[in-house]
Amino acid sequence: MSPITMVRQFGEVLLAITLAPLFVGWTAQCRAWLQSRTAPPLAQPYRMLRKLFHKDVALAAGATPLFRMTPYILFGSMVLAAAIIPSIATDLPFARVADAIALIGLFATARVFQSLAAMDIGTAFGTMGARREMMVGFLAEPALLMVLFNAFLLSGSTALPSVVDAYSAGPLSINPSLTFAGVAFVMVLLAENARIPIDNPSTHLELTMIHEAMLLEYSARHLALIEWASSLKLFNYACIGFALFLPWGIATHGADGGWALLLAAGALIGKLIVFGAALALVESLSAKLRIFRAPEYLATAFLLAVLGLLVHLLLGS
Amino acid sequence: MSHPGWVSRGVVLLQRHDLHWVLLLVLGWLFLGAIGLLRPHSLRFVARGLFPAGAVLGLGVALLGAVALLAGQAPQAMVLPLGLPNLPFHLRLDALSGFFLLLMGVAGAGISIFAAGYFRSGEGTAPGLLGLHYHIFLASMALVVLADDAYFFMVAWELMALSSYFLVVSQHRLPEIRRAGFLYLLMAHLGALCLLLCFGVLQGGKWQFTFDAMRGAPLAPLWATVAFLLALLGFGAKAGLVPLHGWLPEAHPAAPSPVSAMMSGLMLKTAVYGMLRITFDLLHIQFWQWGVLVLVLGLFSALYGAIFAGVKTDMKRLLAYSSIENIGIIFTGIGLAILFAACHLPLFAALALSAALLHALNHAFFKSLLFLATGNVLHATKRRSLGALGGLAHTMPWVATLALVGTLAIAGLPPLNGFVSEWLLLQAFLFTPRIPHPFINMLVPLGAAVLALTVALAAYVMVKFYGIIFLGQPREPALAEAHDANWLERIGLTWLALGCIAIGVLPQIALRATGAVTGLLLGQTVNLSSRIWWIAPIGAKQASYSGLLLLAGIICVVGITFVAVRILAHGRFRRTVPWDCGYPWQTSRMQDTAEGFGQPIRHIFGSAFDMERELPSPSDSAPRYRIHVEDRLWRMAYVPIARAVQRLSDSIGVLQGGRLAIYLLYSFLTLLGLLAGVL
Amino acid sequence: MPHSPHWIVPSLNLLASLLLLISFAMLSRRRTQRLITLFAWQGAILFTSTCLVAYSSGHKELYYSAALTLMLKVIALPWILHRLIRRLGAQWDSELLVNIPTTMLVGLVLVIFAFGLAQPISLMATTITRNTIGIALAVIFLAFLMMITRRKAITQVIGFLAMENGLFFAATSATYGMPMVIELGIALDLLVGFFILGIFFFQIREQFDSLDLRHLEALKEE
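On a plain count of helices and strands, chain C comes out with seven helices and zero strands. Burial statistics for chain C: of 222 residues in total, 50% are counted as buried. Accessible surface for chain C amounts to roughly 10600 Å². Of this, 68% is attributable to carbon and sulfur atoms.

Structure below.
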């Protein structure tokens, strides 16, 4: 492994780890502006993490080792995912280890561990949250897979870096099937990251929440790791979206020296700023769905992604 | 090669007489069963002596299967001077049978060693008799995959059905177990009847019943299709393909857990074997329409099984439905392989077939593991309903930890084995646009979508299974005294769990094994990478995966995070009571039940079920909520057929007058009729 | 064949798939006002694609039909419909006969069917847009499906209009549009039919105090 490859690989991971809370902070700020509230400072998530890391853990009696392991596993799998997704460069040695299908598997692993940990204490809330999370998961996961299938069919590869490379090699045009996939992807992204039509990240109203219900028993460093992991998850999803639909600026194979990497990092930050604002706009414009409407919403995303596949076969022949 | 001399000499020795050795070991199983009868009531003798010996024989069979697979030699054949006058028993060992011997041997060894610690005295059938049935069952499964003529195949097949029937009804004092056993026997025989007819068609008018003759028999496309459909019916009934699955959720829970594990993990695979043997080996042509049929049936079974597993509340029944799901996934792979093979795309056919074979192997590991774990739970708590369990991770740490491995594997999560086969299958779906039929081209993405949904549902089901049984607080006070598995059981469970991890981390080894089979059946293998920790079945550019490096990555990152948190922050914690949401009167009964956990599935897929609900009224002093979910196919398909058969047999019953003279008259008239026919 | 820049076909494909996307969005919406907005968007896409086809194929008369589309389907009809529902007080419409995922699933099957149906036609056609015939057919089917699964009278009319959009698109993509006379005739028919239906709405509401078509079921002979 040459030094520049190392820089690419580890630089990307470090960038993800440091930028992820900032991105969440930026989105929260945009939301506050749009809703005419006083915005929290941009660094609020970091302060939150620092505070949590310094507190003592209050561990519920009856917690098994699974419960204490889970925050680390969640954080670890999200960091690994960040190492696979080509956010600034496509020549990533670790990306060969797991292609996009394995990436979905990695997300699923994190979800299963989080749900199991939520059931571990045995409170009514934790189990309810786990059940709802798994429900959202089993509907969102196939939708995400179908979105990725669209990209796979276009590029002939399931590895995300190859997908990006294939796009940048081709002419600049919006592929019809990707419009469907794009809509489906945004829907899945909102659902998977506990965003507004499905879940509300800023509420602690007991009856409506999914993600927060699973975390009720976590505190201090465990909670910090989980919060960090969920911000990383949002960051990773955003980067998957960029790789699939807006791959411009990512340093591709062969053209990824130092300047290209800096340029790619700049492009990434620019995309994140725009995307964060758009996310806040979407969230401010929509209302939270009743939980029983969630299957309908996700089924729509799933069908749109499948429709994208069909359109590809329709028009592509 | 840097093997020491004696290893290579040993391999050569094994290779040359491979089939003889296998036969010897299989006879050893029968022998073990027979000597159990010497002291039928001594649990010590049977359990501590015979079952471990059976496990060792299983390892031997697995080794010989592996030699047959990996040595790449020509198939070995053998004729036993037994059987019908001009049809002695033919045996043959090739890569396909080698693969299934390997599967049976490895998983069977784990189950046998577990069974050695599992059986208790005073539970139904005497231990000696149980041991006899058990070992006959094992031996007959091995003979099924070794048989090389239709007659011997059917003998072994029926022996397998009968011995497993006796195992299912080993607690025959309970009426529902007798009922389940009867249903199983009925379906097994209907399936066997189809197979008999299938072989009748396959011999192609030459009346030669060896498989060799069938390979050469020229069949018209119509007759080939008839034979294929009969095979699909016969093997589908054994495998539990929907709508022929009716017996499976009844019989699997009724049997003792090691037997459930064997039936689900191993016996269903003999149907997969038979399907492959007939479709790819005995029939020399395939049509893409067959592939579509198998694909649709497989996908339907997979989704159906997953949905029902989501709403079931009996832990063994849940696993039985999950078996239907996994069999569906395997048949999906087979269907895809037929489709590709018929369209002359052998590389992709090899990919799909590898996925199916690997999933069969994986399922043998994780499903056996989970069935055995439910056996432990059953022994420790005497409860099968999920609603009465909970919190067993505290009292049964061994079982809980090992079952977690099985749970994650069956949920298809990386880096365990279930993920690898599903990954391969999804890769195979990705290449379906190369099929030159526009309609199929468009239907297949829907297939991939259904598969993805099934896999995700399986994760839901397994979280429910594991979370309700092992996590949370005990729902009943008696659970606090549950005991963990004994040492023999631990060995069995650990063996199977290690298998799940090993195949997941180093799938390349398993792919080599399936590669030998696809080489035999399709003349093509997927791309095998030279490094043992990578798989890239089509090409490194298209897709690659490495379970080992993924696991290493997870361990590294988790380890670094842990150390970093300890260094930069601290590791202090204190124990407190869980947060009670401002309601201090919470009890452990207020946790989500299995019914509650399955509620989203009932809500979303409501039209698949026959549901009966009893809702409490607001003024009830002791409110009760009850829900009963039934298989809709049971009412729509099975009950009408049973009624029709009943009516038919009632009308035939008119003949049964009860007078001896009349019966004699019937016989006499039949005789006269037959003689007139000869005239 | 006149000049056609390389970007024409991809953008037409994109517009076609947007048309299909809007059809599915219409299937999944519950509120009538949203439906009208979507219908207007569909018209706008139709206008753009017709202009593109006119530009690339050099058929000048297609510009007229594009203009007609713009006036009628993007501006006039949505405006009238909005006014109509405000006067009828029928903004809320959440009554579906079949739930949305099932409807969408049926829609998916219809798309596949449309593709199979269009395959031979698109092989015969010589236009640069022949691949989109399948999508046009699918749009027609989906509009039909929307009419079947909705209960309120206004949604039926929107479905009817959307179906006409599909037909129009099919015509432009298969043969560079219908002859102008037929097109004008259809536009006139559409308007007349629309006004008659509008009058019907008021009559239905007078009679039953609601626009629910279930009430019409009582009119059958016993």
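Our focus in this paragraph is the overall build of chain B. Along its length, chain B carries 25 helices and five strands. Relative to the globule expectation of 26 Å for 679 residues, the C-alpha radius of gyration of chain B, 26 Å, shows essentially globular dimensions. Split into buried and exposed, the 679 residues of chain B put 59% on the buried side. Sequence-distant contacts, at least 24 apart, represent 79% of the contacts inside chain B between residues at least 6 apart. As presented, chain B carries roughly 26600 Å² of accessible surface, and 68% of it is formed by carbon and sulfur atoms. Each charge class in chain B was averaged separately, 43 positive and 27 negative side chains, and the resulting centres sit 5 Å apart.

Another aspect to go through is the state of the cysteines. Residue and element names in this part refer to chain A. Enumeration over the complete set of coordinates arrives at zero disulfides over all chains. With no disulfide of its own, C30 lies closest to C239 among cysteine sulfurs, the gap being 17 Å. Overall, C30 belongs to the buried group, its relative accessible area being 7%.

Attention now moves to the pattern of salt bridges. Taken as a whole, this structure holds 24 salt bridges over all chains when the rule is applied. One salt bridge connects D56 of chain A with R572 of chain B, and the closest N-O pair in it is separated by 2.8 Å. You can see D56 of chain A sitting in the loop between α2 (44-54) and β1 (57-60) and its partner R572 of chain B sitting in the loop between α21 (547-568) and β3 (573-576), one on each of two chains. Via salt bridges that share partners, R92, D94, D212, R215, R277 and D281 of chain B belong to a single interconnected network.

Take the interface of chain B and chain C next. With five residues of chain B at the contact, the number on the chain C side is five residues. For the pair chain B and chain C, the two sides together bury roughly 490 Å², of which 95% comes from carbon and sulfur. Connecting chain B to chain C are zero salt bridges. Where chain B meets chain C, there are zero residue pairs in polar contact (both at pLDDT 80 or more).

Accessible area lost on assembly of the parts is the figure often given for the size of an interface. The interface of chain B with chain A comprises 73 residues on the first partner and 75 residues on the second. Taking both partners together, chain B and chain A bury about 6600 Å²; carbon and sulfur atoms supply 72% of that area. Viewed at the interface, chain A and chain B are joined by two salt bridges. Along the contact surface separating chain B from chain A lie 28 residue pairs in polar contact (both at pLDDT 80 or more). Those elements that provide at least two residues to the side of chain B that touches chain A are α15 (392-395), α16 (397-410), α17 (417-430), α18 (438-470), α21, β3, α22 (594-597) and α23 (599-604) of chain B. For the side of chain B that touches chain A, the per-class residue count stands at 48 nonpolar, 19 polar and six charged. Of the strand pairs in this sheet, β1 of chain A and β3 of chain B are connected by four bridges, and their pairing is parallel. The partner of V57 of chain A across the bridge, within β3 of chain B, is F573 of chain B.

Once that is clear, we can look at the side chain of T103 of chain C. Of note, T103 of chain C is situated in helix α4 (residues 100-124). When its relative accessible area of 4% is taken as the criterion, T103 of chain C is described as buried.

Moving on to empty space enclosed by the protein. For the structure shown, the criterion picks out nine cavities of 30 Å³ or more. Considered as a void within the structure, the largest cavity measures approximately 200 Å³ in volume. Along the walls of the largest cavity sit 18 residues, with I104, E141 and L145 of chain A together with L426 and V455 of chain B positioned nearest its centre. Secondary-structure elements contributing two or more residues to the lining of the largest cavity are α4 (100-120) and α5 (124-155) of chain A together with α17 and α18 of chain B.

Residues and elements named next belong to chain C. Of the residues in chain C, 75% have a pLDDT of 70 or more, and the chain-wide mean is 77. Per-element averaging of pLDDT across chain C places helix α7 (residues 180-208) at the bottom with 68 and helix α2 (residues 32-57) at the top with 86. If you check the scores for this complex, the pTM reads 0.90 and the ipTM reads 0.93.

The next thing to look at is the packing of aromatic side chains. Taken as a whole and judged by the stated rule, the model has 43 aromatic pairs over all chains. Each ring, one from F89 of chain B and one from Y151 of chain B, has its centre 5.9 Å from the other, and the planes form 40°; the classification is tilted. Of this pair, F89 of chain B sits in strand β2 (residues 87-93) while Y151 of chain B sits in helix α6 (residues 150-168), and the two are 62 residues apart along the sequence. Geometrically, the ring pair formed by Y184 of chain B and W247 of chain B is tilted, given 5.0 Å between the ring centres and 40° between the ring planes. Of the two residues, Y184 of chain B sits in helix α7 (residues 175-202) while W247 of chain B sits in the loop between α9 (221-239) and α10 (248-254), which places them 63 residues apart along the sequence. Just as Y184 of chain B is buried, W247 of chain B falls in that class too. The structure contains a cluster of three or more aromatic residues connected by ring pairs, namely F51, F114, Y118, F119 and Y134 of chain B. For R96 of chain A, the ring lying beneath its charged end belongs to W534 of chain B, and the centroid distance is 4.3 Å. When the ring centre of W157 of chain B is taken as origin, the NZ or CZ atom of K238 of chain B, which lies over that ring, is 5.5 Å away.

Conventions and cut-offs
Throughout this description, residue numbers start from 1 for each chain and increase along the sequence as written. All chains are assigned letters beginning with A, and all ligands numbers beginning with 1, in the order in which they are written. In view of the model being predicted, local features appear only for residues whose pLDDT reaches at least 70, and side-chain atom pairs are presented and counted only at 80 or more, with totals across whole chains, interfaces and linings using the full set of residues. Water and hydrogen atoms were dropped before computing side-chain values, which therefore reflect all heavy atoms in the structure. Note on conventions: DSSP H or I runs of at least 4 residues are helices, E runs of at least 2 residues are strands, and numbering of each starts at the N terminus. Only protein chains enter the accessibility calculation, which uses a 1.4 Å probe; a residue is then buried when its area is under 20% of its type maximum, exposed when over 50%, and partly exposed in between. Each accessible area is a Shrake-Rupley estimate made with a 1.4 Å probe; only the visible protein chains count as cover when residues are assessed. Just to be clear, the radius of gyration here is over C-alpha atoms, and the globule rule we use is 2.2 Å times residues to the power 0.38. Whether two residues are in contact is decided by their heavy atoms, any of which lying within 4.5 Å being enough. His is not counted here, nor are the chain ends, while Lys and Arg score as positive and Asp and Glu score as negative. The atom standing in for a charge is NZ when the residue is Lys, CZ when it is Arg, CG when it is Asp and CD when it is Glu. Criterion for a disulfide: a pair of cysteine sulfur atoms within 2.5 Å. Salt bridges are identified by distance alone: a Lys or Arg side-chain nitrogen within 4 Å of an Asp or Glu carboxyl oxygen. Accessible area that two parts lose when put together, with a 1.4 Å probe and added across both, is what the buried area reports. Nitrogen and oxygen atoms within 3.5 Å of one another constitute a polar contact, given that in protein one can donate a hydrogen and the other can accept it, and given that sequence-neighbouring residues count only through two side-chain atoms. Just so you know the grouping, Ala, Val, Leu, Ile, Met, Phe, Trp, Tyr, Cys and Pro go in nonpolar, Asp, Glu, Lys and Arg go in charged, and all remaining residues, Gly too, go in polar. At least two bridges found by DSSP between two strands is the condition for calling them paired. Both site types are read off a 1 Å grid over the protein atoms alone. A 1.4 Å probe that fits but cannot get out defines a cavity, while an open set with protein on both sides within 12 Å along at least five of seven lines defines a pocket; lining residues have an atom within 4 Å of a point. Grid points are joined across faces, edges and corners, and a volume is the space filled by probe spheres set on the points. Each residue carries a pLDDT score, the predictor's own confidence in it, on a scale running from 0 to 100. Aromatic pairs are defined between Phe, Tyr and Trp rings, using the six-membered ring for Trp, whenever the two ring centres lie within 6.5 Å; interplanar angles under 30 degrees are classed as stacked, those over 60 as edge-to-face, and all others as tilted. The criterion for a charge sitting over a ring is simple: Lys NZ or Arg CZ within 6 Å of the ring centre, and within 35 degrees of the ring normal.

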